[in-house]
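# Residue-level structural notes
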Amino acid sequence: MTSFIQRHAVLLIFPILDVALNLVNYAYHLLLARELSSAVYGLLNAYLAFLGLLLIIGGALQWTVTRDYSQQKTNDYQKLRFRILMSIGCFLLILLYALPYFLPFTKINLLIVYLIVLFHILLSFRRGVLQATERFYALNLSYYIESVVKVLATWLLIQQTNVSYALLFILAGMIASYLLSLIQVPFPTSTGQIKASGLVHMIHTQVVMTLFFTLDSLLVTRYFPQFAGDYSVALRFGQLLLFVALSLAQLLLPRLSQKSQDEAFLLWERRFYRILLSGLALAVLVYWTIVPYLIPILFGSGYDAATYYIKYMVFVYVGITLIQYEALVQFSLHRTSYLKGYWLILILFIIVLTTFHSTVETWLLAQAGVFLLGALILRFTLPRHPHPVKEA
């Protein structure tokens, strides 16, 4: 029994640590939502949505290093780091001058965002090594240092906080985590030719997934600037549903991968899907009956509209969660063709965002319709046979 617990300690402990980490990050938003005005908090969330898109690069890089390093594949990580930083630097320089024409962003705040991305890329190389060598506790410490420093700085300087300070607090957490990584693990060994194809595919996958739950955060400041703060508060609760689901997915992926060659895979997967639907139905009930009363308690007064928006937004994130689950199943079966369907959903999502914006409620219902319909179509069209299929 003791040996079983020792072997599975990570599986038993990490979901709890991951949920706790999400709560720490949630404290950052609670502090800011109470201190900032609704309009300013909405603007901050637009920056955070943009930052979330840029952090895809580091996240994809971490997974690529993890895969190649654990499989003992060679790569010239020094040159790869140089090329990434140069390419991203040129791209961000263009955005520095272009974005302020389309969104209410300032150059100084964009520069802070870019520094966060820079340190995140540098940090991701070392986090990839930690993950590949299964030093999960050290990896989790890296995440906690990043979040705790951010929240602590926000709490200590909450009276002086504005959008720029809030972004600087994130930068402080990222730098602290990077400095810790210098002690934890060396930069991955650079040998052989530079290989970036796997990284490009991973970025492609994560870009599509992330756009599903960040585009509305960016566009709400354009179409509904007066309701951006209320929308952002509702968004926090909606995304919490997705983050809990992704935390559980970390445990589900190994089991799916193990059973992907088993003839009983289809039966097992359908059983889990029914459990997922039951859990989401319970979540909808909670979001309609309990969450609206929690919003004024946690975020304070001034966000009354958020109590109405959350009742629509929960259906948006139910759809996104189901779509993410379908991607997880396909990934475990070593298939990538599902991305074609995801791009079609993304295009339809963009059309809806830029068309059905007469009211916030209509906007959310249109989003929910796209994702729920997309999840239904994917459920009945994607192949689920347990035998591997060669992709083009």
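Attention in this report is confined to the structure presented alongside it. (Residues numbered from 1 in each chain as written. Predicted model: local features only at pLDDT ≥ 70, side-chain atom pairs only at ≥ 80, totals over all residues. Heavy atoms only, no water.)

## Regarding the environment of threonine 362
Where we set the bar: Only runs of H or I of at least four residues qualify as helices and only runs of E of at least two qualify as strands under DSSP, and these elements are numbered from the N terminus. Whether a residue is buried, partly exposed or exposed follows from its accessible area with a 1.4 Å probe, protein chains only, as a fraction of its type maximum: under 20%, in between, or over 50%, in that order.
Following the sequence through the fold, threonine 362 ends up in helix α15 (residues 360–381). Residue class for threonine 362 comes out partly exposed when judged on its relative accessible area of 30%. In this structure the C-alpha to C-alpha distance between threonine 362 and tyrosine 312, which are 50 residues apart in sequence, comes to 9.2 Å.

## Focus: a nonpolar patch on the surface
The cut-off we apply is this: Patch definition: residues with relative accessible area over 30% and no salt bridge; like charges joined within 9 Å; nonpolar side chains (Val, Leu, Ile, Met, Phe, Trp, Tyr) joined within 5 Å. Residue burial considers only the protein chains on display, and all accessible areas are found by Shrake-Rupley using a 1.4 Å probe. The working definition used for a salt bridge is a side-chain nitrogen of Lys or Arg within 4 Å of a carboxyl oxygen of Asp or Glu.
Nonpolar side chains collect at one region of the surface, where Leu282, Leu285, Val286, Ile290, Leu294, Ile297 and Leu298 lie side by side and expose about 590 Å² of accessible area between them. Counting residues per element, the ones that place at least two in the nonpolar patch are α11 (265–289) and α12 (291–299). Assignment of secondary structure puts isoleucine 297 in helix α12.

## Details of the pattern of salt bridges
Inspection of every chain in the model, using the stated rule, returns two salt bridges. Salt-bridge contacts for arginine 127 lead to glutamate 146; the nearest nitrogen and oxygen are separated by 2.8 Å. Taken as a pair, arginine 127 in helix α5 (residues 107–132) and glutamate 146 in helix α6 (residues 136–156) lie far apart in primary sequence, 19 residues in all.

## Things to note about the packing of aromatic side chains
The geometry of an aromatic ring pair is captured by the separation of the ring centres together with the interplanar angle, meaning the angle of the planes. The following threshold applies: Each pair of aromatic rings taken from Phe, Tyr and Trp, with Trp reduced to its six-membered ring, is defined by centres within 6.5 Å and is described as stacked if the planes are under 30 degrees apart, edge-to-face if over 60, and tilted in the remaining cases. Put simply, a charge is over a ring when the Lys NZ or the Arg CZ is close to the ring centre, within 6 Å, and near the line of the ring normal, within 35 degrees.
The full count for this structure, using the stated rule, is 15 aromatic pairs. On the basis of an interplanar angle of 65° and a centroid distance of 5.8 Å, the ring pair of phenylalanine 119 and tyrosine 178 is categorised as edge-to-face. Note that phenylalanine 119 is positioned in helix α5 and tyrosine 178 in helix α7 (residues 163–184), a separation of 59 residues in sequence. Note on tyrosine 178: relative accessible area 15%, which makes it buried. Here the aromatic residues Phe212, Tyr342, Phe349 and Phe371 are joined through ring pairs into a cluster of three or more. The cationic tip of arginine 379 hangs over the ring face of tyrosine 273; the distance from NZ or CZ to the ring centre is 3.7 Å.

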